[in-house]
Amino acid sequence: MQELKERKRRFQQTITTFINERRDAKLKGQDDEAAAKTATKYDYHEWLGDAARRVTQIQAVTHVLKATHPDARGTSLHIPPDSLPQHEEIGTHLLGNDYAEDIVGNAAALDVYKFLKLNVDGRRLLDWLQADDADLLHALHEDKAIARQWASAFKGLIRPPTAPVSHGLAKQIYWCASGEPADNNGFHLLQPLFSSSLAHAVHQEINDARFGEANKAARQARREKKAHDAPYRDYRNLATRKLGGTKPQNISQLNSERGGLNYLLASLPPRWNQDRPRQFLFNDSALARFRRFDGVNELLDALLALLKDNPAPTMHTRIKRERIERALGQSLAAFGLASRQLFQPGWTRDADCRLPLCEQLWLDPERAELPLREEAKHKTEDEEFNAALEWKDWPDEVAHRFGNWLNAILLQHDLPVGDAEHAHWARQALIDAEWPAPMQRRAITRNSNQETAHG
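Described below are features of the structure shown in this document. On a predicted model such as this, the values are computed, not experimentally measured, just so you know. (Residues numbered from 1 in each chain as written. Predicted model: local features only at pLDDT ≥ 70, side-chain atom pairs only at ≥ 80, totals over all residues. Heavy atoms only, no water.)

Here we look at the overall build of the chain
And then number 1: Looking only at helices and strands, the chain has 17 helices and ten strands in total.
And then number 2: In terms of overall size, the chain is more extended than a compact globule, its C-alpha atoms giving a radius of gyration of 36 Å where 455 residues would be expected to give roughly 23 Å.
And then number 3: Counted over contacts in the chain with a minimum sequence separation of 6, partners at least 24 positions apart contribute 63%.
And then number 4: On the chain, roughly 26800 Å² of surface is accessible, and the fraction owed to carbon and sulfur atoms is 50%.
And then number 5: A gap of 4 Å separates the mean positions of the 62 positive and 64 negative side-chain charges of the chain. (Helix = DSSP H or I, 4+ residues; strand = E, 2+ residues; numbered from the N terminus. Rg over C-alpha atoms; globule rule 2.2 N^0.38 Å. Contact = heavy atoms within 4.5 Å. Areas by Shrake-Rupley, 256 points an atom, 1.4 Å probe, with all protein chains shown as cover. Lys, Arg positive; Asp, Glu negative; His and termini not counted. Charge placed at Lys NZ, Arg CZ, Asp CG, Glu CD.)

So, the packing of helix 3 (residues 44-54) against helix 7 (residues 144-155)
And then number 1: Where helix 3 contacts helix 7, the two axes come as close as 9 Å, and the packing angle between them is 45°. Accordingly, the angle class assigned to the pair helix 3 and helix 7 is oblique. The two elements helix 3 and helix 7 meet at a crossing, and its hand is left-handed. Every residue of helix 7 that contacts helix 3 at His45, Leu48, Gly49, Ala51 and Ala52 is listed here: Trp150, Ala153 and Phe154.
And then number 2: Considered class by class, the residues forming the contact of helix 3 with helix 7 number six nonpolar, two polar and no charged. (Axes fitted to C-alpha atoms, helices over the stretch in contact; angles between N-to-C directions. Parallel < 35°, antiparallel > 145°, perpendicular 65-115°, else oblique. Left-handed = near helix turned anticlockwise from the far one by under 90°. Nonpolar A, V, L, I, M, F, W, Y, C, P; charged D, E, K, R; others polar.)

Quick notes on the side chain of Ser285
And then number 1: Structurally, Ser285 is set in the loop between strand 10 (261-264) and helix 11 (287-290).
And then number 2: Within polar-contact distance, the side chain of Ser285 engages the backbone nitrogen of Leu287 at 3.1 Å.
And then number 3: There is a polar contact of 2.8 Å between the side chain of Ser285 and the side chain of Glu359.
And then number 4: Apart from residues lying up to four places away in sequence, Ser285 is in contact with Leu355, Pro356, Glu359 and Arg401. (Polar contact = N/O pair within 3.5 Å; in protein donor to acceptor, adjacent residues only side chain to side chain.)

Quick look at unusual backbone geometry
And then number 1: One non-glycine residue, Asp132, adopts positive backbone phi at about 55°.
And then number 2: Inspection of the secondary structure puts Asp132 in the loop between helix 5 (125-130) and helix 6 (134-140).
And then number 3: Although it is not a glycine, Phe282 adopts a positive phi angle of roughly 65°.
And then number 4: Inspection of the secondary structure assignment puts Phe282 in the loop between strand 10 and helix 11.

Here's the deal with the pairing of strand 1 (residues 58-61)
And then number 1: Residues Ile58 and Ala60 point to one face of strand 1 and Gln59 and Val61 to the other, with burial holding for every one of them.
And then number 2: Strand direction decides the pairing type here: strand 1 and strand 3 (residues 102-105), joined by four bridges, are antiparallel. Paired with Gln59 across the bridge in strand 3 is Val104. (Buried < 20%, exposed > 50% of the residue type's maximum accessible area, 1.4 Å probe, protein only. Pairing = 2+ DSSP bridges.)

Description of the pattern of salt bridges
And then number 1: Enumeration over the complete set of coordinates arrives at 26 salt bridges.
And then number 2: The partner of Arg23 in a salt bridge is Asp24, and the shortest N-O contact between them spans 3.2 Å.
And then number 3: For Arg23, a relative accessible area of 24% gives the class partly exposed.
And then number 4: Given a relative accessible area of 39%, Asp24 falls into the partly exposed group.
And then number 5: The network of salt bridges with shared partners includes Glu6, Arg7, Arg9, Arg10, Asp121, Asp133 and Asp135. (Salt bridge = Lys/Arg side-chain N within 4 Å of Asp/Glu carboxyl O.)

Observations regarding helix 8 (residues 196-211)
And then number 1: With 16 residues, helix 8 extends 22 Å from end C-alpha to end C-alpha; this agrees with the ideal 22 Å at 1.5 Å per step.
And then number 2: Among the residues of helix 8, Ser196, Ser197, Ala199, His200, His203, Ile206 and Ala209 are the ones counted as buried. (Expected span 1.5 Å × (residues − 1).)

The following block contains the structure:
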């Protein structure tokens, strides 16, 4: 019994403190007559009764209509994130139970929301009201009927829409999926409402990364190249969208707390460094970079797994192996094309370029269109480069190096490979000799029907 009285007292004390603080703020600068009228409004039961009437002017939501356009008239929604469909894409559903509720409606009634957010024993007053806590009801009013009436009104802060209504300025796009335009249930919504709860979570994460003390220390350690226990987070090239102009409160409460700022993550195309292709410099072969090319390592793992199993030489084994081999050859061609498009012509003239001539011709063929350099040594190098490109033996040499590269990988895994396998891998290489004209490889003279030793 003593504990019950103590809980009721804690509820009453928290509510009384909140009302008195608001009363004291209003009393500042008022004369005696005005102060007397103000004090009457902030009587405990008088204020609670007025708050129960005014709570209908505001609504707790997660998705805000006016964020799309401030003049939109329609329904904002309160949808707990964990009740949304779960999918892999980033969305409000990922917030689970840890999310911030937003408030829309009459800004003059926001003090009621602040009241319902008051924390007692680790939970909001609103949460205790939704649980029909007897001590809180008793703290609201001694008359149980009045207490329940007020509690019902306060719980209405979170209310489902009776008849959801959209608006033209909400810019919601519906796609007829059923083929029946008259069927209101046969449409997919392509432009949903603005998720203020998700925007607020993103805003807090980015602000913590930008201004938080922990990330500030990690940033300083990174700048000074010192070891640090915590990870460093950085969001670059951010843009901001300002909602509500000079009156962000007209959109929603959380928008006002953010000062109207809503972060937009960068969605820019990659900026390639075309001045100095560092990843190819100081390397004896570009094939060292080829293994890191998109999907190549996975293909190598698949080939190694197949060959290590020593499968029976059946048609199924052959088809499976040939698919992997063709994919490697196509990846080699894609690697060459991507590399040629990545840098400005002539990058192989860099003094730190150690690639063999055949790979330079493969990855930088448009260098031949540049004027010869004036210095005698460099002029000779350019002339030799142009002559080798016209001779067109370089695709065979690249294919030969590709065969050696793949054989070396297989030998590292104790797979028996030799000249036959080398010739077979080389035949899979698709080397583009597009300048000045396509050319078939001539260097591989082995029997094209010769099979590898594996399947």
